Amino acid sequence: MKPVKMTIPQDIGELLEHLIWMLLKSPKFIDKTGRFPFQDVEYVFRELNEGLSNVRPTLGEERYHQLMGMSDRMRALFEADPENTMGETRKGRDIIHEMEDILRQARQES
Amino acid sequence: MTGGAEEEGESRRSNGPPDDYTRLEDVFPGLRDAPALAIPLAPIDGFFGVSAGANEADLDGALGQYWALVHQIKQVDPTFADEELFPPGGIDGLTRQGRTNLINNLRMERAAAYYRMRGDVGFLQVETLRFLKGAVDVAYEEAVSEADASRLQPRLSREEAIGNWVDFTVRKDLKKLFDSFGIPYGPGEDATINNRDYESSESGQSYRIPDARIGDASFDWTLSSKTISAPQIRGFFRADSLPRAVVIIRPSELGGAYLIPRPPDAWLYLWL
């Protein structure tokens with residue numbers, strides 16, 4: 001199949017936008033428009049992690065690794081509760097809010 | 001005028017909808033001789049409706065459209081590789097929805113090719129409208145479902161929370177669409193998504209932020225009905241980009257899409 005160009009966040013503002021979108025579309029991130037059949041958990045977290053990589057210099061090493069760890073934990077929670085019936089999705093969404101706070105703080109400090 | 005529009009001119013039926021939609025005038029026939037009264041124009045029957053997908057559902061129709069679109073794209077971009085789009089099991093192995101998606105993707109490829117290679121925004125305006133209509137309906141349905149389950153922001157009214165959901169997710173979807181088809185957008189481009197559209201005047205510079213603008217058409221997805229009497233809409237028309245139309249996309253359940261043609265300039269300042 002033709003490779004798809006991803007929408008990778010380029011700055012902290014776009015990362016925050018991506019996280020809010022993840023909040024709305026979690027835990028499965030299924031596209032219902034029919035236009036993005038490639039969109040799944042793997043794809044969405046690649047966008048997030050590559051976005052974090054893009055702003056690594058702004059975040060600093062400690063915060064970058066903290067956020068990457070949170071991303072991994074969040075993914076595991078969403079994958080463990082794909083139907084949003086076990087409470088793990090809620091915990092994953094709480095992590096999104098924590099990541100938002102950290103990113104906003106990083107933006108203020110930069 | 002581009003090759004694509006010239007080629008399909010011969011195949012148009014004398015009555016009814018065109019065989020293909022290449023310009024906003026094909027979707028909103030009233031725009032051809034808009035009397036500059038800013039009266040909202042409805043889309044032609046069949047552009048959004050079930051009949052628009054009828055050909056895709058029919059195998060021969062889908063194959064015919066597939067090869068016609070590939071031919072048109074290759075005329076503009078000889079490097080276009082349609083083999084990557086053709087499904088491994090052939091079109092006959094696809095579901096009805098799968099065929100519709102395949103044809104929609106090719107239409108978008110055509111729009112992207114005309115825009116990138118020739119700077120022609122006509123196809124892109126039409127295909128963006130087609131995409132937005134579906135995306136707005138999906139987002140609205142999702143948001144209503146979330147609201148019914150009391151999962152939207154409690155600090156906002158139901159309508160505000162649904163409106164925010166639709167606004168945000170559709171914006172993100174449009175960015176994904178343009179990225180996935182390699183369509184450049186942003187400040188300084190002919191296609192923008194949630195960027196400033198400046199208005200220069202003797203007193204200085206101000207701006208509006210349309211949800212999207214493609215060439216000379218602004219797009220606004222919204223729950224509420226808007227007309228030329230809305231300051232926001234008049235502001236869109238006053239921009240230096242001189243839009244000839246503002247396309248409003250509402251969820252189908254609330255009334256659907258319509259187009260507001262550019263009014264006489266004097267109208268834009270009447271209510272100031």
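Above: the structure in question.
Because the structure is a prediction, the values reported are computed rather than measured. (Residues numbered from 1 in each chain as written. Chains lettered and ligands numbered in written order. Predicted model: local features only at pLDDT ≥ 70, side-chain atom pairs only at ≥ 80, totals over all residues.)

Caption draft 1: Layout of the overall build of chain A. Along chain A, the regular secondary structure elements total 5 helices and 0 strands. Reading chain A from its N end, one meets helices and strands in the order α-α-α-α-α. In terms of overall dimensions, chain A is globule-like: its C-alpha atoms have a radius of gyration of 14 Å, near the 13 Å expected for 110 residues. Overall, the C-alpha framework of chain A stretches about 40 × 35 × 20 Å when taken along its three principal axes. Burial analysis of chain A (110 residues in total) assigns 28% to the buried set. A sequence separation of at least 24 residues applies to 65% of the contacts in chain A between residues at least 6 apart. (Helix = DSSP H or I, 4+ residues; strand = E, 2+ residues; numbered from the N terminus. Rg over C-alpha atoms; globule rule 2.2 N^0.38 Å. Buried ≥ 20, exposed ≤ 12 C-beta atoms within 10 Å, placed from the backbone. Contact = placed C-beta atoms within 7 Å.)

Caption draft 2: Spotlight on the overall build of chain B. Across its full length, chain B holds 8 helices and 7 strands. A buried classification covers 37% of the 272 residues belonging to chain B. Nonlocal contacts in chain B, meaning residues at least 24 apart in sequence, comprise 59% of its contacts between residues at least 6 apart.

Caption draft 3: Here's a closer look at helix 8 (residues 231-238) of chain B. Taken together, the buried positions of helix 8 of chain B are Ile233(B), Arg234(B), Phe236(B), Phe237(B) and Arg238(B). Turning to helix 8 of chain B, the residues buried within the fold contact strand 2 (197-201), strand 3 (204-208), strand 5 (217-221), strand 6 (245-249) and strand 7 (257-261) of chain B.

Caption draft 4: Spatial organisation of unusual backbone geometry. Here Ser26(A) and Pro27(A) are connected by a cis peptide whose omega angle stands at 5°. Tracing the backbone through its elements, the reader meets Pro27(A) in the loop between helix 1 (12-25) and helix 2 (41-54). We note that Asn84(A) has phi near 55°; this positive angle belongs to a residue other than glycine. Summarising the element assignment, Asn84(A) is placed in the loop between helix 4 (61-80) and helix 5 (88-109). Classification of Asn84(A) by C-beta neighbours within 10 Å gives partly exposed; the count is 16. Here Asn194(B), not a glycine, exhibits a phi torsion of approximately 60°, which is positive.

Caption draft 5: Structural detail: the interface of chain A and chain B. Taken together, the contacts link 14 residues of chain A with 20 residues of chain B. Residues that form the side of chain A that touches chain B fall into these classes: 7 nonpolar, 3 polar and 4 charged. (Nonpolar A, V, L, I, M, F, W, Y, C, P; charged D, E, K, R; others polar.)

Caption draft 6: Focus on the sheet that holds strand 6 of chain B. Residues and elements named next belong to chain B. Judged by pairing direction, the sheet is mixed, and its 5 strands sit side by side in the order 1-4-5-6-7 without closing on themselves. Each edge of the sheet is formed by a strand with only one pairing partner; in this case those strands are strand 1 (191-193) and strand 7. Averaged over all neighbouring strand pairs, the angle between strand axes comes to 15°, with direction disregarded. Judged from the 5 bridges that link them, strand 5 and strand 6 form a sheet pairing that is parallel. Residue pairing in the sheet places Asp220 in a bridge with Ile248 of strand 6. The sheet contacts of helix 7 (residues 158-180) involve strand 1, strand 4 (212-214) and strand 5, and relative to strand 1 the element is tilted by about 145°. (Pairing = 2+ DSSP bridges. Axes fitted to C-alpha atoms, helices over the stretch in contact; angles between N-to-C directions.)

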